[in-house]
Amino acid sequence: MSEPGGMSPIVRIVTRWLLGFVLVFGFAVALFGHLTPGGGFAGGVVITCGFVLATLAFGAKTGPAAWFGRLASTLDAVGALAFLALALLGYAAGHFLAQWAGRDPEPFRLTSAPSLVLLNLAILLKVGAGLFAGFLAVAAFGRAAEDVGTDEFSDAGAPQGPEPEGREA
Amino acid sequence: MTATAGPLVAHRLGRFVSLFVFGALLWLAVTWSFDAASLAVGALLCAGVAWGLRRVELDEAPLLLAPLRLAFALAYLPVLLAYVVRANVDVAWRVLHPRLPIRPGIVRARTTLRSPSGRVLLANSITLTPGTLSVDLVGDVLYVHRICVPEQDPDGATERELRKFEFFIRRIFE
Amino acid sequence: MDVVLIALLVLLVVGSLIALELRNLLSAVIAVGVVGLGLSIVFLLLGAPDIAITQVVVEVIVVTVLIRLTGRTGRTVDAAPDRRDAVAVWLGGGVLLMLLGLMIHVLSALPRFGSGASLPAGHYLENAPAQTGASNVVTAILLDYRAYDTLGEATVILTAIVGALVVLRHTGRDVRRAPPVPRGGPPGGADDPKPAERELPPQHSAARSRDQEVQHV
Amino acid sequence: MIYPLIAVLLFVGLYGLLVKRHVVQKILGLAIVEYAVNLLLVAIGYRDGGRPPILTPGEDPAAFAAGSVDPLPQALVLTSIVIGLGVVMLLVAIAMRLHQRFGTLDTTRMNRLHG
């Protein structure tokens, strides 16, 4: 533990090697969701998983969790609103949620269903940022409760001893 | 670590380019789609991820772009596999032996590698070979759990075994 | 194929029973994680790779969150017997028996396993690639045919997460009761210029402005 | 044989939910119930042969439509799994609050402390 609030250097360095690959993979799964297995839900959870890994390896104070965490709730809302906006754009093609973007007649291409790609991207933002915001809240609350400590019932035999940070995962 | 010796801008550019190249390779492998739109989206995505992770990526990553180091990295895989198979046979022999000749314990071994990635690769290689397990890495000291600790000079014997891995890892990362 | 499926299902049942009977909660959570991973293999066998991918990754996050919970709140189940236990067992057993009767009735009404797709599915499978341009019919249904549902489900996720954030928000009452703890907090690593204030989502800012003396992390 | 086993899985989860006293065990029971329901939905849409509902290049569309498994329950279950994750996070948040308030996650002891 060379720095506070993280795991051993083995985990930290492996995380630094892997994080970029996890993010690219998550986006690829989401963007090609209309052609191959995957989609916005799967890709969003993969991205959340990458950021959860980074949070566990570096702690919540440094690294990606710190600079992405404060954006997470905003991006969550942006994803939901983007989905709605894309749905409203469907009116341009006739009705709510219609495919408004032009299509490449050739199948098995990224461009063969552009509006589905964009909707997948919106879902990815929504799911990825939302779940990561939830995870950060859960992770941060444990520490806040330990620091603030007690209200009147909390001494009923619960193990309050300091857990080694992040070690258990 | 030759990259750190250069000017700061070139250093940052090297990290960006390496992450971009690795990301693009993964993108091509996953999507396997070569029309213009897919390539453009992939390039944009990889550039975005490389820029977003510019403070996370390691100094050693650009080194892997050099062909010779990459060749050593590829050559390391079968070597590691050979050690893993040999260690597997050894552990299987110990388990099946009626007298169970094991002496479990933790030894501490000093590595001569200097780059963090190299040390971590060494620790993970040791963990991959059955019978030995890296417990922790503190500075240049590696704590290794062995299924059968040698009778005399356990630390030195372990270090001599590390040297075989270090030969390759040094040529990959240093 | 059927034999493999049945063997996996038996493993899932046994694994979940073990998970519920273990006294050590950390082991229980990990056992449920194993059950979830086995479930993803079952999904793969049932021709649902989309769900298999999602199940694997979701399982990883569920296990992480639950391990975090057990790490904060204790790892063992107290075995002290209680007379309410017996009541719970009898009541629960009665409810389960009732449900068992219903279940047998329902199971006998289901079509034979492997007998086929529903009526709308035929329409989707024939027309989705041509109509939507998506060769993955599941995505075509999610984002085109039944996109209203997806919009609703995105809202449900939003609600669940907002609920979690609200439940974990520091209320003024809890904070005032706590002794004032001076905490500057050590500055973080070199990676982050302003570590102490920045790691919480914006939802927390309301609570923070009410109680300036308490930092949350 | 498949459906009854899924029903047994459902009952194992309900058993955990109804009989177990610890909140974490109840959460695990709920997760198992969720597994069983998702699995039942996907299993009902299964067709012999088990071809995934994803058209591959060069495949005959008519044969694809005749042989693929039902995509509709899969679309429902996909969102259900992610929603399940959100629900588990909500439950964990509530459990942390309960632990802060009562110092235990054992529901019997919570009742005793309460009155």
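Residues numbered from 1 in each chain as written. Chains lettered and ligands numbered in written order. Predicted model: local features only at pLDDT ≥ 70, side-chain atom pairs only at ≥ 80, totals over all residues. Heavy atoms only, no water.

Mind showing me how you'd approach the overall build of chain D here?
For chain D, the count of helices and strands is 5 helices and 0 strands. Listed N to C, the secondary structure of chain D is α-α-α-α-α in terms of helices and strands. The proportion of buried residues among the 115 residues of chain D is 63%. Summarising the internal contacts of chain D: among those between residues at least 6 apart in sequence, 44% fall at separations of at least 24. (Helix = DSSP H or I, 4+ residues; strand = E, 2+ residues; numbered from the N terminus. Buried < 20%, exposed > 50% of the residue type's maximum accessible area, 1.4 Å probe, protein only. Contact = heavy atoms within 4.5 Å.)

Whenever I open this one, the overall build of chain B confuses me. Can you help?
Scanning chain B from N- to C-terminus turns up 5 helices and 3 strands. Traced from its N-terminal end to its C-terminal end, chain B shows the element sequence α-α-α-β-α-β-β-α. The long-range fraction of contacts in chain B, counting pairs at least 24 apart against all pairs at least 6 apart in sequence, stands at 71%.

What is the right way to read a positive patch on the surface from this model?
Among the surface-exposed residues, Arg-70 of chain A together with Arg-12, Arg-54 and Arg-55 of chain B lie close enough to one another that they form a single positively charged patch. As for its position among the elements, Arg-70 of chain A is in helix α3 (residues 64–89). (Patch = residues over 30% accessible without salt bridge, like charges linked within 9 Å, V, L, I, M, F, W, Y side chains within 5 Å. Areas by Shrake-Rupley, 256 points an atom, 1.4 Å probe, with all protein chains shown as cover. Salt bridge = Lys/Arg side-chain N within 4 Å of Asp/Glu carboxyl O. Lys, Arg positive; Asp, Glu negative; His and termini not counted. Charge placed at Lys NZ, Arg CZ, Asp CG, Glu CD.)

Explanation requested: the pairing of strand β3 (residues 141–146) of chain B in the structure shown.
Regular strands have side chains that alternate between both faces of the sheet. All names here are of chain B. The pairing of strand β1 (residues 105–110) with β3 spans 6 bridges and is classified as antiparallel. Across the sheet, the residue bridging to Val-107 is Val-144, located in β3. Here strand β2 (residues 132–138) folds back onto β3, and the loop between the two strands holds 2 residues, one of which, Gly-139, carries a positive phi near 60°. (Pairing = 2+ DSSP bridges.)

I'm lost on the packing of aromatic side chains in this one. Help?
What characterises a pair of aromatic rings is the spacing of the ring centres plus the angle enclosed by the ring planes. Using the criterion set out here, one finds 13 aromatic pairs over all chains in the structure. Judged by centre distance (6.4 Å) and plane angle (35°), the ring pair of Phe-21 of chain A and Phe-22 of chain B falls under tilted. Here Phe-22 of chain B lies in helix α1 (residues 8–31) and Phe-21 of chain A lies in helix α1 (residues 9–31), a pairing that spans two chains. On the basis of relative accessibility, which here comes to 15%, the residue Phe-22 of chain B falls in the buried class. (Phe/Tyr/Trp six-rings, centres within 6.5 Å; stacked < 30°, edge-to-face > 60°.)

Is there a simple way to explain the side chain of His-22 of chain D in this structure?
In this structure, His-22 of chain D sits in the loop between α1 (2–19) and α2 (23–44). Filtering out sequence-adjacent residues up to four positions away, His-22 of chain D remains in contact with Leu-25, Thr-76 and Val-77 of chain C together with Leu-105 and Asp-106 of chain D.

When you look at the interface of chain C and chain D in this model, what are you seeing that I'm missing?
Interface size, as often reported, equals the accessible area lost upon joining of the parts. Of the residues lining the interface, 93 residues belong to chain C; the matching set on chain D comes to 78 residues. Between chain C and chain D we count 2 salt bridges in total. Notably, a salt bridge pairs Lys-20 of chain D with Glu-21 of chain C, separated by 3.3 Å at the nearest N-O pair. Inspection of the chain C/chain D interface yields 13 residue pairs in polar contact (both at pLDDT 80 or more). Those elements giving two or more residues to the side of chain C that touches chain D turn out to be α1 (2–21), α2 (25–45), α3 (49–73), α4 (83–109), α5 (119–132), α6 (137–145), α7 (147–168) and α8 (172–177) of chain C. Take the side of chain C that touches chain D: its biggest share by element is 15 residues, from α3 of chain C. In terms of residue class, the side of chain C that touches chain D is built from 59 nonpolar, 18 polar and 16 charged. (Polar contact = N/O pair within 3.5 Å; in protein donor to acceptor, adjacent residues only side chain to side chain. Nonpolar A, V, L, I, M, F, W, Y, C, P; charged D, E, K, R; others polar.)

Please explain the side chain of Asp-35 of chain B as it appears in this structure.
By the element assignment, Asp-35 of chain B lies in the loop between α1 and α2 (36–52). One buried charge, Asp-35 of chain B, has no salt-bridge partner; the nearest side chain with opposite charge is Arg-109 of chain A, at 4.1 Å. Here the side chain of Asp-35 of chain B touches Ser-33 of chain B through a polar contact of 2.9 Å, side chain to side chain. Residues contacting Asp-35 of chain B, with those up to four places away along its chain left out, are Arg-109, Leu-110 and Thr-111 of chain A.

Would you mind showing me how to read the environment of Leu-81 of chain B here?
Relative to the assigned elements, Leu-81 of chain B resides in helix α3 (residues 67–96). Along the backbone, Leu-81 of chain B and Ser-125 of chain B are 44 residues apart, and their C-alpha atoms lie at a distance of 9.8 Å.

Before we go on, may I ask you to explain the sheet that holds β2 of chain B in this structure?
Sheets are built from strands paired through backbone hydrogen bonds, the pairs being either parallel or antiparallel. Residue and element names in this part refer to chain B. The strand order across the open sheet built from 3 strands is β1-β3-β2, with neighbouring strands paired in antiparallel fashion. Lying at the two open borders of the sheet, with one neighbouring strand each, are β1 and β2. The sheet shows a mean angle of 25° between the axes of neighbouring strands, direction not considered. Here 6 bridges tie β2 to β3, and the two strands are oriented antiparallel to one another. Each residue of the ladder has a partner; that of Leu-137, found in β3, is Leu-142. Sheet strands touched by helix α5 (residues 154–173): β1 and β3. Its angle to β1, the strand with the most contacts, is close to 60°. (Axes fitted to C-alpha atoms, helices over the stretch in contact; angles between N-to-C directions.)

Honestly, the pattern of salt bridges in this entry has me stumped. Any pointers?
Should the charged atoms of two oppositely charged side chains come close, the side chains can pair. In total, this model carries 11 salt bridges over all chains according to the counting rule given. The salt bridge involving Arg-110 of chain B is made with Asp-140 of chain B; its shortest N-O contact spans 3.2 Å. With Arg-110 of chain B in strand β1 and Asp-140 of chain B in the loop between β2 and β3, this residue pair connects regions lying 30 residues apart in the sequence. For Asp-140 of chain B, a relative accessible area of 25% translates into the label partly exposed. Among the ionic pairs, Arg-21 of chain D bridges to Asp-106 of chain D, the shortest N-O distance being 3.1 Å. Of this pair, Arg-21 of chain D sits in the loop between α1 and α2 while Asp-106 of chain D is found in the loop between α4 (71–102) and α5 (107–114), placing the two residues 85 residues apart along the sequence. The buried category is assigned to Arg-21 of chain D, whose relative accessible area is 13%. Residue Asp-106 of chain D is classed as buried on the basis of its relative accessible area, which comes to 2%. Several salt bridges converge on common partners, so that one network encompasses Glu-159, Arg-163 and Glu-166 of chain B.

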